[in-house]
Amino acid sequence: MKVYSALISTLAEDYFVRCDADNIIMRKTVDFTKFSKLGPYLTFIETGKPISREDYAFETTNNIHLLVRNIVKGEIEFKDLVYITEEKAEELKNYRIQKGDILIAISSSCGASCIYDERSDFNVTLSHYLCRIRVDDNRLNAKYLVLLLNSDFMQKYFRAVETGKSQKNLSKFYIRQAPVIAPALSEQCRLLDEIRPYALKIKELEGKIKGTQSIIDEVFAREFGFAYEEFEALKKNKLFRISLSSLDGNPDLRFSAKFHRSAGAFVVRQLTNITNKRIKDFLAEPIVLGASVSPADYSDAGDYYYISMATIKDWALNLEDANLVKNCYAETKLEKTVKKNDIILARSGEGTIGKVALIDKEGLRAVFADFTMRIRLKNYNENFAYYYFRTVYFQYLVELYKKGLGNNTNIFPSTVQEFPIPDISLEEQNRIVKEIMSEIGRQDSIRLQIGELRNKMKEMVDAVVEQFI
């Protein structure tokens, strides 16, 4: 155990009389009194606005509500976006971000920053976990400030002033109080000029990047004739007309507009045109739901992981996010454990329902949760099935057939087992899997190059900062 001492007068230097160890250590190691504060450089500061589930637009629109997860490595990442309704966008029109605004995360990844300098064709508002600022450009270059905010020096500052145990938060007070290393504008511009070639090369490489989802959909569209453009056009239809007789086309007599969308009928028609097989035709055993758990069942001394929806939210098994459970609990749930090549599908929760992960570890000890289901196949390439389950078409089937209101939506094994699945030879499945994996590997190589360039940029910024510390 490390012990740190601090004078009462030292604690009093902080406006909120902070006495947590991180804050005390920061002020012991860095003399922040010799730096200017960010506050006097600011011409504007504002936190974002909250929205509710009812404000979500479940189709792609021009109205984006930006989240903390959309700030990645100093830039806005326009993927996994939240779209809001026209009505909510109009209500928040006075809070739309403008070109040149600096965005700062004030929750979760506190201090992660970027500048908004493109995408003017979208109406973008911020979640209440983000803050936007503007600075006096006669004294401080906004692009230089973003580099500074993302530097190691400033990230240590944010780690020291954020509050909260599991969910970290950053007060606007500490943004105003943030130390600013601000050499002359000419020096700020010189650094930006030196960095520009690296930034341009990164932009060039980023233009070549394809996400895994895009790779999967491109391959499946080519191999099976999936007409995604026509599908996207049909999704924009808002008016549907059906006869009463068509309501008996499903066992639940579903009559919601969502279930009877023309886009849904189009997907079903496309899939049934390429196959008459269902998932149930390739099951090694029935699809089953997982096991429930109580807080008393968790134990860091356990040998079994508990695979929840959060564990597979990124389309892969993330054991860092998984809790361990007691051995005595797991031993009573052996029929709810996994083995290599099982596919776990989330069966509940908006934003997670339908997501899948492939168990690729031999001998993994893990119990899967009751809000997930296990799909165990035979005579079928599990990787091919996993990629198929990730396609736009399969995920739209989940969207059509899920039941419930708000965030409490569910889909069940009896429904999933009836979904169409391509019936091609194992050789063809293996070929497609190999192609997808090869392209993913090529993309990883490009990302590695980008990472190396970012590190060089970071070293250049840190060198400037070091001169003033």
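Whatever comes next refers back to the structure up there.
One structure accompanies this document, and this report is about it. (Residues numbered from 1 in each chain as written. Predicted model: local features only at pLDDT ≥ 70, side-chain atom pairs only at ≥ 80, totals over all residues. Heavy atoms only, no water.)

**Here's the deal with the environment of Arg222**
Inspection of the secondary structure puts Arg222 in helix α8 (residues 212-224). Looking at Arg222, the relative accessible area reads 48%, which means it is partly exposed. A polar side-chain atom of Arg222 sits 2.8 Å from a polar atom in the side chain of Glu223. (Helix = DSSP H or I, 4+ residues; strand = E, 2+ residues; numbered from the N terminus. Buried < 20%, exposed > 50% of the residue type's maximum accessible area, 1.4 Å probe, protein only. Polar contact = N/O pair within 3.5 Å; in protein donor to acceptor, adjacent residues only side chain to side chain.)

**Some details on the side chain of Asp297**
Take Asp297: it is sitting in the loop between β12 (288-289) and β13 (304-307). Put simply, Asp297 is tucked away with no salt bridge, and the nearest opposite charge, on Lys326, sits 6.0 Å away. Every residue in contact with Asp297, bar those within four places of it in the chain, is listed here: Val325, Lys326 and Tyr329. (Lys, Arg positive; Asp, Glu negative; His and termini not counted. Salt bridge = Lys/Arg side-chain N within 4 Å of Asp/Glu carboxyl O. Contact = heavy atoms within 4.5 Å.)

**Describing the packing of aromatic side chains**
Scanning the entire structure with this criterion turns up 23 aromatic pairs. Note on Phe220 and Tyr388: the rings are 6.2 Å apart at their centroids and 35° apart in plane angle, and the pair reads as tilted. Taken as a pair, Phe220 in helix α8 and Tyr388 in helix α12 (residues 382-390) lie far apart in primary sequence, 168 residues in all. Here Phe220 matches Tyr388 in class, with each residue buried. Just above the ring of Tyr56 sits the side chain of Arg53; from NZ or CZ to the centre is 4.3 Å. When the ring centre of Phe44 is taken as reference, the NZ or CZ atom of Arg134 above it lies at 4.2 Å. (Phe/Tyr/Trp six-rings, centres within 6.5 Å; stacked < 30°, edge-to-face > 60°. Lys NZ or Arg CZ within 6 Å of the ring centre and 35° of its normal.)

**Here's the deal with the pairing of strand β10 (residues 130-135)**
Most of β10 sits inside the fold, with 5 of its 6 residues counted as buried. Strand direction decides the pairing type here: strand β7 (residues 102-105) and β10, joined by 4 bridges, are antiparallel. Residue pairing in the sheet places Ile102 in a bridge with Ile133 of β10. (Pairing = 2+ DSSP bridges.)

**Some points on the sheet that holds β7**
Strand order across the open sheet formed by 4 strands is β2-β10-β7-β8, with antiparallel pairing between neighbours. The outermost strands of the open sheet, each flanked by one partner alone, are β2 (42-47) and β8 (113-115). Taking each pair of neighbouring strands and ignoring which way they run, the sheet shows an average axis angle of 20°. In this structure, β2 lies alongside β10, joined through 5 bridges in antiparallel fashion. Its bridge partner lying in β10, Ile45 is registered against Ile133. Here helix α4 (residues 142-149) sits on the sheet and contacts β7, β8 and β10; the angle it forms with β8, its principal contact strand, is near 165°. (Axes fitted to C-alpha atoms, helices over the stretch in contact; angles between N-to-C directions.)

**With respect to the nonpolar core**
Of all hydrophobic cores here, the largest spans 48 residues; its most connected members are Leu38, Ile102, Ile133, Leu145, Tyr157 and Leu170. At the level of secondary structure, the elements contributing two or more residues to this core comprise β2, β7, β10, α4, α5 (152-161), α6 (172-176), α7 (185-206) and α15 (426-466). Apart from the residues lying within four places of it in its own chain, the contact partners of Leu38 are Ile133, Leu140, Leu145, Ile175, Arg176, Ala178 and Val180. Counting 47 residues, the second largest nonpolar core, distinct from the first, contains Ala221, Phe226, Tyr386 and Ile436. (Core = buried A, V, L, I, M, F, W, Y, C linked by side-chain atoms within 4.5 Å.)

**Some thoughts on the sheet that holds strand β16 (residues 356-358)**
Sheet strands line up and pair through hydrogen bonds in the backbone, either parallel or antiparallel. Strand order in the open sheet formed by 4 strands is β12-β18-β15-β16, with antiparallel pairing between adjacent strands. Of all the strands in the sheet, the pair left with one neighbour each is β12 and β16. Bridge count for strand β15 (residues 343-346) against strand β18 (residues 372-375) is 4 bridges, and the pairing is antiparallel. Bridging across to β18, Ile343 finds its partner in Ile375. Against the sheet, α12 engages β15, β16 and β18, with an angle of about 165° to β16.

**A word on α12**
Counting buried positions along α12 yields 8 of 9 residues, so the element is predominantly enclosed. Every buried residue belonging to α12 is among Glu382, Phe384, Ala385, Tyr386, Tyr387, Tyr388, Phe389 and Arg390, and all of these are buried.

**Thoughts on unusual backbone geometry**
Backbone geometry places Asp80, a non-glycine residue, at a positive phi of 50°. The phi dihedral of Ser108 falls on the positive side, at around 65°, and the residue is not glycine. In this structure, Ser108 sits in the loop between β7 and β8. For Ser108, a relative accessible area of 43% translates into the label partly exposed.

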